[in-house]
Amino acid sequence: MTSYRTPEKSTKNGTCPGAPKQKYRKISEDLILDEERHKIEKEFGKTNFEICIPSSELDEVLTHEKDVIISHSFGCYCWNNFRKTEYYHMRSNVPITKRDVIKKLIELDFNTFCNHSFLEDIFMKTPCQIGLYFGS
Ligand SMILES: [Zn+2]
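All figures in this text were calculated on a predicted structure; none of them were measured in a lab.

Procedures and definitions
- Residues numbered from 1 in each chain as written.
- Predicted model: local features only at pLDDT ≥ 70, side-chain atom pairs only at ≥ 80, totals over all residues.
- Helix = DSSP H or I, 4+ residues; strand = E, 2+ residues; numbered from the N terminus.
- Buried ≥ 20, exposed ≤ 12 C-beta atoms within 10 Å, placed from the backbone.
- Contact = placed C-beta atoms within 7 Å.
- Pairing = 2+ DSSP bridges.
- Core = buried A, V, L, I, M, F, W, Y, C linked by C-beta atoms within 7 Å.

Across its full length, the protein holds two helices and seven strands. Reading the secondary structure of the protein in the N-to-C direction produces α-β-β-β-β-β-α-β-β. Residue burial in the protein is summarised as follows: out of 136 residues, 13% are buried. Sequence-distant contacts, at least 24 apart, represent 61% of the contacts inside the protein between residues at least 6 apart.

Okay, here's the thing in structure tokens:
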């Protein structure tokens, strides 16, 4: 005969026994974030921008094109379109990953010089143009 676990009962004051677990999970998520930050810092060192892309996504291949353009339009309120879109040429003989783009940005000494210095995403704008998403 199969034995079933009895469901956890609510405590006397009516709070759900499952509730505190949520808090612990939050803490462990913070620890993971710290660990992530540490990993990223260890790999890239000091950068002009904060890398907020999970390390698990860094090897994601963006394109197999050999010649691409990284472009960033400073359309945020800080610049209010005052700064022109910047374009950078990137050449690679191997598939380009998000890590490669970050390395290129570091090499270029890329800096948004505004509140939006948190690199949250790197994506393909067109088949040969890479876009950057910076948050605050
Ligand atoms: Zn900005």
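What follows picks up the thread again.
As a further point, take the sheet that holds strand β7 (residues 129-135). A sheet is described by the order of its strands in space; here five strands give the open sequence β1-β6-β7-β3-β4, paired in mixed fashion. Because the sheet does not close on itself, it has two edges, and the strands there are β1 (50-51) and β4 (86-91). Pairing analysis gives three bridges linking strand β3 (residues 67-72) to β7, with the strands arranged parallel. Looking at the pairing, S71 lines up with G131 of β7.

Below, the discussion takes up the environment of S92. Relative to the helices and strands, S92 resides in the loop between β4 and β5 (96-97). Since 16 C-beta atoms lie within 10 Å of it, S92 is described here as partly exposed. Sequence-wise, S92 and K66 are 26 residues apart; in three dimensions their C-alpha atoms are separated by 4.9 Å.

For the rest of this paragraph, the subject is the nonpolar core. Residues I53, V68, I70, V101, I122 and I130 are the most contacted members of the largest nonpolar core, which totals 14 residues. Per element, the largest residue contribution to this core is three residues, and it comes from helix α2 (residues 98-107). Residue contacts for V101: discarding those within four places in its chain leaves L62, I70, I96, I122 and I130.

Peptide bonds are, in most cases, trans, and in most cases residues other than glycine have a negative phi. The phi dihedral of D109 is positive, around 60 degrees, even though this residue is not glycine. Classification of D109 as exposed rests on a count of 8 C-beta atoms within 10 Å. In this model, F113 sits at a positive phi of 50 degrees, which is unusual for a non-glycine residue. On the secondary structure map, F113 appears in the loop between α2 and β6 (118-126). A tally of 11 C-beta atoms within 10 Å means that F113 is categorised as exposed.

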